[in-house]
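# Remarks on the overall topology
For reference, the chains in residue letters:
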Amino acid sequence: MSEKMVLMQGNEAVAEGAIAAGVRFYAGYPITPSSEVAETMAKRMPEVGGTFIQMEDEIASIMAIVGASLAGKKVLTATSGPGFSLMQEGLGYACMVEAPIVILDSMRYGPSTGMATKVSQMDLMQTRWGTHGDHWVIVLSPSSVEESYQLTIRAVNLAEKYRNPVIVLSDETISHLREPIDISIPPVLVERRLPTAKADYLPYRTDESLVPTVANVGTGFRTSCTGLVHGESGFQTANGHVAEALVERLRDKLFNNLDDIIQFETDRVEDADVLFMSFGITARGVSEAVETLRSHGRKAGSLRFITLFPFDDDRVRKAAGNARTIVVPELNSGQLVLLVKRVFGDSRKVVPMNKINGDLISPQEILNFLREENL
Amino acid sequence: MRLDLLRSERLPNIWCPGCGNGIVLRALLEAIDQLQLDPDNVVLVSGIGCSSRAPAYTAFDNVHSLHGRAIPVATGIKLANPDLTVIVVTGDGDSSAIGGNHLIHAARRDVDITVVVFNNYNYGMTGGQASPLTPTSSITTTTPNGMLDRPFDLVKLAAGAGATYVARSGIYFAKHLVDHLKKAIAHDGFSLVDAVAQCPTYFGRFNRKGSAGQMVTSQKDWMVLKSVAEKKTPEELAGKVIIGEFVNIERHAPVSAAAPKEQA
Amino acid sequence: MPEKKTFRITHNRKWCKDCGICVAVCPKKVYEIDRSDRHAIVNPQNCIGCRMCVEHCPDFALTVEEAKNE
Ligand SMILES: Cc1ncc(C[n+]2csc(CCOP(=O)(O)OP(=O)(O)O)c2C)c(N)n1
Ligand code: SF4
Ligand code: SF4
Ligand code: SF4
Ligand SMILES: [Mg+2]
């Protein structure tokens, strides 16, 4: 192991990535398999001049980080399915007031308390549609410890840049995996834009970026925010046109910047006749399977979603090459596959591959699946 | 009260004629004014309810959050920037039902924020349903035959949870209310003021409390100053609400945020 | 004999909701809700400047200032 490398657990990497990205406020409530993030932050926040607080529940946790974010801090909370469910109303609030926040959801088996120590990928659609109302979030999916570190940095930067909640969607396995990672290169940090002039200040006025320059509370701007539909002033209105413009802007501030936000990792897509589309821990099994298939002369390829949401059909179509068959392995009863089917309709053969017993999908299982399904 | 502490351009307010929320808001602004706080350093955080609309009429930074969640938001703001005076504006339902867990934990942590409960004994915004502070036997839309349960005593609840300043007042006693709000805001540690106000539209109408004017002036009949109450028998105090200062002790612990390590 | 203090009452018609609280709290019957259910100042000369009305108006519609004699 080179000198630059340090051995870290996935959850520690999220905490350290957050710190490297400038996070100085953490509020959370313990839950397996995310608790090590809280434990790391409890120790590390005071060391870096930040604040750690254990709240009474996940509702309080997300609202506390929203408060700290409104006061200018870069913030993080971490949880798993049951806690993530409790955070949903706060997540919608953060979307509406455009508070930069980052949430780690380390997926465990559900529904309900499910199996606390078993892996799943069952929260995918919850990250996108968990809170009520039309809204848009950014969801990033690491598939290694190194990437847990890097994507947490990226999550903090994207949250600040677009003033939007960003979810790091990890899982029980990656959270508890130990791998050597390189944390020697200091990250490029993004700071939220702030208003300059107090005269004529309107918190939710935007330029062509569509990202408002909301003042941090306590900086003399006499700023206002509300989860009610609001105009540029930050005060409530029931005007349907203002509502429509607001919700459209919440979408467009992200969708006008998909090149900046969306990342995939592709492997030998160009000539593939069978393509795997996956995310997170499942992509690791896929990558080994592709290797084996190629060594046997089978033209297999892989597309791994690093950014899960926003999900852009055109970009997925372009990145997917011409493979006739697309296999979508995931640790749920079929969530990502719904999106992939939406992209390709009947133009390709889209085959779900699901595992819901709390174990991972192994490379061998993928090979067996192809054989059994005659793919 | 300085009128420039209001956002005049947003008035008249949305409240019903005779609603007590405006009276509590005036007292709060008066208290902030008398304390000569720098308006740039005051943040008002509210939940959801008629009362929670109050901060939007003030010239301070204001955060209108979610039903019951003002206290954790305020906790986040205060810990992020301890120089700020952070005041929570909340209703009886907002603070004691859906937000009750946050209330007791903020009191336990002794976070240096002030919670002002605009207590109208019911859920005004949603049409006059029962709240955990609705007195037994009272009529609300969800207790058409009278409230069966006992209400919380908010003062005892906050005190029991560890609040280091707790007071109750009523809008009729305007100066008393202002004085206790001042003490609460100036207090170092978690403070709560139970500010009893009227909802003439629902609680008043359903319980035949008379006009808004009568609801205001009748407070002097059913509220008793703590100093007076101390000389009365329990029989004499039956049905009365005692107002005054109930807890005023030194902050017992630092805010639960970890303190930075001492430089060696 | 010391001169009796006089007070100037201003009433913001735009903010007033005619709720009658000022009528109920004023010890000197300065106000009335008139026959068309509107707030009216009927006995301004009786005002003693106690500001009960100001403190209890939920709509910030009243101010009472001591009138300075020229
Ligand atoms: C999660 C959630 N549940 C329910 C509501 C509906 N709701 C809005 S205000 C309110 C009660 C308000 O009562 P209180 O806090 O006493 O305030 P008041 O209107 O009486 O001032 C309720 C139940 C909501 N907005 N959010
Ligand atoms: S419903 Fe009650 S609390 Fe709400 S504005 Fe009307 S009087 Fe006030
Ligand atoms: S108390 Fe205020 S709002 Fe009510 S009638 Fe008097 S002036 Fe008008
Ligand atoms: S100041 Fe006192 S006496 Fe004068 S109008 Fe107001 S309540 Fe009446
Ligand atoms: Mg109420």
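These numbers were taken from a predicted model, which means no experiment stands behind them. (Residues numbered from 1 in each chain as written. Chains lettered and ligands numbered in written order. Predicted model: local features only at pLDDT ≥ 70, side-chain atom pairs only at ≥ 80, totals over all residues. Heavy atoms only, no water.)

All right, on to the sheet that holds strand β10 (residues 241-248) of chain B then. In space, the nine strands of this open sheet follow the order β10(A)-β2(B)-β1(B)-β3(B)-β4(B)-β8(B)-β7(B)-β10(B)-β9(B), with mixed pairing throughout. Single-partner strands in this sheet number two, and they are β10 (224-226) of chain A together with β9 (223-225) of chain B. Along the sheet, successive strands turn relative to each other by an average axial angle of 20°, direction set aside. When strand β1 (residues 42-46) of chain B meets strand β2 (residues 61-64) of chain B, the two strands line up parallel, connected through four bridges. When the bridges of β2(B) are listed, B:V45 appears paired with B:V63. Sheet strands in contact with helix α5 (residues 154-161) of chain B are β4 (114-119), β7 (165-170), β8 (191-196) and β10 of chain B, and its direction is about 170° off that of β7(B). (Pairing = 2+ DSSP bridges. Helix = DSSP H or I, 4+ residues; strand = E, 2+ residues; numbered from the N terminus. Axes fitted to C-alpha atoms, helices over the stretch in contact; angles between N-to-C directions. Contact = heavy atoms within 4.5 Å.)

Along the chain, the position of A:E265 falls in strand β11 (residues 264-267). Every residue in contact with A:E265, bar those within four places of it in the chain, is listed here: A:S302, A:L303, A:R304 and A:I306.

Turning to the sheet that holds strand β15 (residues 325-330) of chain A, a few remarks are in order. Residue and element names in this part refer to chain A. Ordered in space as β11-β13-β12-β15-β16, the five strands form an open sheet in which the pairing is mixed. Two strands close off the open sheet at either side, each with one partner strand: β11 and β16 (349-354). Sheet twist, expressed as the average angle between the axes of neighbouring strands with direction ignored, equals 20°. Bridge count for strand β12 (residues 274-279) against strand β13 (residues 300-305) is six bridges, and the pairing is parallel. Looking across to β13, one finds that M277 is bridged to L303. In the packing of helix α13 (residues 336-344) onto the sheet, contacts are made with β12, β13, β15 and β16, and the angle to β15 comes to roughly 160°.

So, about the site of ligand 1. Residue and element names in this part refer to chain B. Within the structure, ligand 1 sits among 17 residues, and C50, S51, D92, D94 and G124 are positioned closest to it. Separating an oxygen atom of ligand 1 from a backbone N or O atom of C50 is a distance of 2.8 Å. The backbone of N122 places a nitrogen or oxygen atom 3.0 Å from an oxygen atom of ligand 1. Contact with the protein chains removes 78% of the 590 Å² of surface that ligand 1 exposes when unbound. Elements supplying a minimum of two residues to the shell around ligand 1: α3 (92-98) and β5 (122-123). At four residues, the largest contribution of residues to the shell around ligand 1 is made by α3. Split by residue class, the shell around ligand 1 holds five nonpolar, nine polar and three charged. (Near = heavy atom within 4 Å. Polar contact = N/O pair within 3.5 Å; in protein donor to acceptor, adjacent residues only side chain to side chain. Areas by Shrake-Rupley, 256 points an atom, 1.4 Å probe, with all protein chains shown as cover. Nonpolar A, V, L, I, M, F, W, Y, C, P; charged D, E, K, R; others polar.)

All names here are of chain A. In terms of domain boundaries, chain A breaks down into domain 1 (5-182) and domain 2 (265-372). On a C-alpha basis, the centres of domain 1 and domain 2 stand 26 Å from each other. Contacts between the two partners involve 30 residues from domain 1 and, on the opposite side, 24 residues from domain 2. At the boundary of domain 1 with domain 2, total buried surface from both sides reaches about 2,100 Å², with 58% on carbon and sulfur atoms. At the boundary of domain 1 with domain 2, the tally comes to 16 residue pairs in polar contact (both at pLDDT 80 or more). (Domains from an automatic or database assignment. Buried area = accessible area lost by both parts, 1.4 Å probe.)

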